[in-house]
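Listed below, chain by chain, are the residues.
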Amino acid sequence: SMAAAAPLAAAAPALLSTTAPDMVQVGEIRLLHPDGYTMVPMFEQNGTQLWLDNINVPDAFTTPNLIEAEDCMTQWLNHTAKGLSLSPYEVLALRHDFHSGPPEAAADMALVGAQIHDTARTAAREGFLGHGADSMRQGSLRFWANYVGAFSNISSGGGFSGYEVQTSGALFGGVWEPSPLFSLGAYGGYSYSSTDFSSISADAESESVHAGLQASSLMPWGLQLTADASYSSQSVDLERSPGGLGTNSSRFDQEVAGLGLELAYPIAIAEHTRLTPAASVSALWLWQDSFKESGDIMAAAVDKIEGSSVSSSLGATLERDFFLAEEHAITAGLGAEWKHRYTGRRRSAKYAFVDNGCGAGYPCTADSRELDADFLELSAYIDGKILVSEEAVLSLRAGYRAEVGENSVGHLFYGGVSVEF
């Protein structure tokens, strides 16, 4: 809290000398923090506006990362800030945005990297499985391309910043079906993502390359088993600006690998209508490189982050084929899934402020916002097939998925084309 931050001010009297008796209160300022804001008094001394450092700021300003960083920030104030010759107004701006000092964004980006990977994996799964009337399938080779666009919002809470992620990209894949009982696929693609943080002064951009293998087999008793292995390589540009006083820039790489398994059971409930209950489990592993920011105001050196996550889902899909003619068919579907994250809901970044006099190592830790454990996913899609020749079928598809949790909401749109020979 700023109760915790007050010792930081006291540690740098050259910066915050505000105890003279000739100070006069001249107004109030709005002190922002991850859970809202607090109005605090502004004082003036000999025509210069200052912020009194022994004010009683409510506990609403308390953030876990700020409390954790108290010793590191005190070292930075004593060792580095004095040499920057900050004006009283710059000191005020920094105090106003102290919670942006710890590199919380670095921990959040480990979660964002996994989310970007999962967005590509979901769109690739739609391309691999396809939808529509089996009676129109013509051959053993199919090539597909999907455009994907996604938007998600994680709300602030618990003293941690929320963030918004927007992703767009394209994926391309091929499927080989040597028999009606088995298919094997591969895909690759590229995506670009931007991340904007709502309660800390930071934003990021990510460029990602995706690849994966997929397989599906019809098991005894009509069970459909689908497995996939996925990989993403990502390059992240992160910018932080505590107090709005310049920019701390960094670039680092991420790698994400995943495995997934789904068991489904299609049930014909009417002519050309199917209900497919399904259960799945997936695991992700993430590696984020260490990096060192360039900048003057609380620039940080951040240690590598490694972690895994496990999740499962249980749901069902209802779809129906509409045959407009022998050469044309449309399939429409609706789905609902309940998903649960067992592990990997939060990441932590160990760090030290650059040139802070603390010595070697990473003495402090900044945690990310915690993700929801449970959320509901709703989906809808439409797929149109056209028999373009005796040996080829052209398919056009579009789909939408929504994820809704207690503290998050996500949207995924995809559209694409496939040709089957």
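What comes next is a walk through the structure. Note that the structure is a prediction, hence the values are computed from the model and not measured.

Here helix H5 (residues 104-129) is 26 residues long and its end C-alpha atoms lie 38 Å apart, about the 38 Å a rise of 1.5 Å per residue gives. Burial analysis of H5 places 22 of its 26 residues in the buried class, the great majority of the element.

This next bit is on the nonpolar core. One finds Leu-94, Tyr-163, Met-298, Tyr-351 and Phe-353 to be the most contacted residues of the largest nonpolar core, which totals 44 residues. With nine residues, the single largest contributor to this core is H5. Discounting chain neighbours no more than four positions away, the residues touching Phe-353 are Cys-72, Met-73, Trp-76, Gly-101, Pro-102, Met-298, Ala-299 and Ala-300.

Using the criterion set out here, one finds five aromatic pairs in the structure. Arranged with centres 5.0 Å apart and planes meeting at 40 degrees, the rings of Tyr-400 and Phe-413 form a pair that is tilted. A residue pair is termed long-range when its members are at least 10 positions apart, and Tyr-400 in strand E19 (residues 392-405) and Phe-413 in strand E20 (residues 408-420) qualify at 13 residues. Owing to a relative accessible area of 29%, Tyr-400 belongs among the partly exposed residues under this scheme. The ring centre of Phe-160 lies 4.5 Å from the NZ or CZ of Arg-346, which sits over that ring.

To continue, consider the pairing of strand E16 (residues 348-353). Of the pairings in the sheet, the one linking strand E13 (residues 300-302) to E16 comprises three bridges and is antiparallel in character. The residue of E16 that forms the bridge with Ala-300 is Phe-353. Bridging between E16 and strand E17 (residues 364-367) involves four bridges; their strand directions are antiparallel. Looking at E17, one finds that Ala-349 is bridged to Ala-366.

Attention now goes to the sheet that holds E16. The sheet built from four strands is open, its strands ordered E12-E13-E16-E17 with antiparallel pairing. Strands with a single pairing partner mark the edges of an open sheet, and in this sheet they are strand E12 (291-292) and E17. Alignment of E12 against E13, held across two bridges, turns out to be antiparallel. Among the inter-strand pairings, Lys-292 is bridged to a residue of E13, identified as Ala-301. Contacts from H5 reach E12, E13, E16 and E17 within the one sheet, and its direction differs from that of E17 by about 50 degrees.

Of note in this structure, Trp-221 is not a glycine but carries a positive phi near 65 degrees. With respect to the helices and strands, Trp-221 occurs in the loop between strand E7 (202-218) and strand E8 (224-240). Taking the relative accessible area as the measure of exposure, Trp-221 reaches 74% and is therefore exposed. Phi angles above zero are rare outside glycine, and His-272 is one such case at about 65 degrees. Residue position: His-272 is located in the loop between strand E10 (267-270) and strand E11 (273-288).

A separate point is the side chain of Thr-195. If you trace the backbone, Thr-195 turns up in strand E6 (residues 182-197). According to the relative accessible area criterion, Thr-195 is buried, its value standing at 0%. Non-local contacts of Thr-195, meaning those with residues more than four positions away in its chain, are made with Met-109, Val-112, Tyr-163, Glu-164, Val-165, Asp-203 and Ala-204.

Along the chain, Thr-331 falls in strand E15 (residues 328-341). For Thr-331 and Thr-273, which are 58 residues apart along the polypeptide, the C-alpha to C-alpha distance reads 9.5 Å. At a separation of 2.6 Å, a polar atom in the side chain of Thr-331 contacts the side chain of Asp-321.

Glancing now at a nonpolar patch on the surface. A cluster of nonpolar residues, Leu-141, Phe-143, Trp-176, Leu-181, Phe-182, Leu-184, Leu-218 and Phe-421, forms a patch on the protein surface that exposes about 740 Å² of accessible area. Mapping Phe-143 onto the fold places it in strand E4 (residues 141-154).

What follows concerns the pattern of salt bridges. In total, this model carries 15 salt bridges according to the counting rule given. A salt bridge links Lys-304 to Glu-306; the nearest nitrogen and oxygen atoms lie 3.9 Å apart. With respect to class, Lys-304 is no different from Glu-306; both count as exposed. Where Glu-370 meets Arg-345, a salt bridge forms, and the shortest distance between an N and an O atom there is 3.7 Å. With Glu-370 in the loop between E17 and strand E18 (374-389) and Arg-345 in the loop between E15 and E16, this residue pair connects regions lying 25 residues apart in the sequence. Through salt bridges with shared partners, one network takes in Arg-125, Glu-126, Glu-262, Glu-337, Lys-339, Glu-377 and Arg-401.

Calculation criteria
- Residue numbers here run from 1 along each chain, matching the order of that chain's written sequence.
- Restriction of local features to residues with pLDDT of at least 70 applies here, the model being predicted, together with a cutoff of 80 or more for giving and counting side-chain atom pairs; totals for whole chains, interfaces and linings are based on all residues.
- By convention in this description, side-chain values take in all heavy atoms of the structure and omit both hydrogens and water.
- Strands are runs of DSSP state E lasting at least two residues, helices are runs of H or I lasting at least four, and both sets are numbered from the N terminus onward.
- Multiplying one less than the number of residues by 1.5 Å gives the expected span of a helix.
- Buried residues are those whose accessible area, probed at 1.4 Å on protein chains only, stays under 20% of the maximum for their type, while exposed residues exceed 50% and partly exposed ones sit between those limits.
- In this text, buried Ala, Val, Leu, Ile, Met, Phe, Trp, Tyr and Cys residues form a nonpolar core when linked through side-chain atoms within 4.5 Å.
- Contact criterion: two residues are considered in contact whenever any of their non-hydrogen atoms come within 4.5 Å of each other.
- Side-chain rings of Phe, Tyr and Trp (the six-membered ring for Trp) are treated as a pair once their centres are within 6.5 Å; stacked means planes under 30 degrees apart, edge-to-face means over 60, and tilted covers the remaining angles.
- Charge over a ring is defined by NZ of Lys or CZ of Arg lying within 6 Å of the ring centre and within 35 degrees of the ring normal.
- Any two strands with at least two DSSP-identified bridges between them are counted as paired.
- An axis is simply a line fitted to the C-alpha atoms; with a helix, the fit covers only the stretch in contact. Between two such axes, the angle follows the N-to-C directions and lies from 0 to 180 degrees.
- Polar contact is the term for a pair of N or O atoms within 3.5 Å; when the atoms are in protein, one must be able to donate a hydrogen and the other to accept it, and sequence-neighboring residues count only if both atoms are side-chain atoms.
- Like charges within 9 Å and nonpolar side chains (Val, Leu, Ile, Met, Phe, Trp, Tyr) within 5 Å are joined into patches, using only residues over 30% in relative accessible area that form no salt bridge.
- Areas reported as accessible are Shrake-Rupley estimates using a 1.4 Å probe. Residue values count occlusion only from the protein chains shown.
- Salt bridges are defined as contacts in which a side-chain nitrogen from Lys or Arg sits within 4 Å of a carboxyl oxygen from Asp or Glu.

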